[in-house]
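Secondary and tertiary structure notes
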Amino acid sequence: MLFDVRTVTRGDHEVVQVVGDVDLATIPSLRAHVDQVQGDRTVLDLSAVDLFDPLGFGVVIAGSMRARRRGGELVVVCPAGRPRELFAESGVDRIVTVVDTLADLT
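Residues numbered from 1 in each chain as written. Predicted model: local features only at pLDDT ≥ 70, side-chain atom pairs only at ≥ 80, totals over all residues. Heavy atoms only, no water.

The next point concerns the pattern of salt bridges. Summed over all chains, the structure comprises six salt bridges. Note that Arg-66 and Asp-35 form a salt bridge whose closest N and O atoms lie 2.5 Å from each other. In this pair, Arg-66 sits in helix H2 (residues 57-69) while Asp-35 sits in helix H1 (residues 27-36), placing the two residues 31 residues apart along the sequence. Here Arg-66 falls in the partly exposed class, since its relative accessible area comes to 22%. According to the relative accessible area criterion, Asp-35 is partly exposed, its value standing at 36%. For Asp-100, the salt bridge goes to Arg-84, with nearest N and O atoms at 2.7 Å. Remark: Arg-84 occurs in helix H3 (residues 82-90) and Asp-100 occurs in the segment after strand S5 (97-99); sequence separation between them is 16 residues. Assessed through its relative accessible area of 39%, Asp-100 is described here as partly exposed. Note on Arg-84: relative accessible area 22%, which makes it partly exposed. (Salt bridge = Lys/Arg side-chain N within 4 Å of Asp/Glu carboxyl O. Helix = DSSP H or I, 4+ residues; strand = E, 2+ residues; numbered from the N terminus. Buried < 20%, exposed > 50% of the residue type's maximum accessible area, 1.4 Å probe, protein only.)

With that settled, consider the side chain of Thr-42. Along the chain, Thr-42 falls in strand S3 (residues 41-48). In contact with Thr-42, not counting residues within four places along its chain, are Glu-14, Val-37, Arg-70, Glu-73, Leu-74 and Val-75. (Contact = heavy atoms within 4.5 Å.)

A separate point is the sheet that holds S5. Here five strands make up an open sheet; going across it, the order is S1-S2-S3-S4-S5 and the pairing mixed. Only two strands of the sheet have a single partner each, and these edge strands are strand S1 (3-10) and S5. Strand-to-strand, the axes of this sheet are offset by a mean angle of 20 degrees, without reference to chain direction. Bridge analysis of strand S2 (residues 13-20) against S3 gives five bridges, and the strand direction is parallel. Bridge pairing links Val-19 to Ala-48 in S3. (Pairing = 2+ DSSP bridges. Axes fitted to C-alpha atoms, helices over the stretch in contact; angles between N-to-C directions.)

Printed below as a string of C-alpha cells:
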C-alpha cells in the first residue's frame, strides 16, 4: 500500500500533503502531521488520495477546531471523486472549507 504524508510551507500556508489511502493503518500518521502544524493557515491536501476512510474525519474536524481556537482555519483540498463525495454525504464540508485545488486558496 502506498502512503506518504509530509508538511511543507507554501506562502503563508502550512500544507499537509497526503498521497495514498487514508485508512485505519495510516490515520495515526496523518493525525501526527496535522497535530504538529503550528500556523494559523493550515491546508490538508487530499488531492492525491483515492480512498478516504470516514474515520479520517476525526482528524479533519479536530484539526479544524484546533486552528479555529488559534484564530485560524483548516482548509481541505479535495477534487471531485469519492473522497469529496464522502465530505458532502457526511456534511463535513459544511463544517470545514473544502476546495478543489491549491490554486483555489484565498
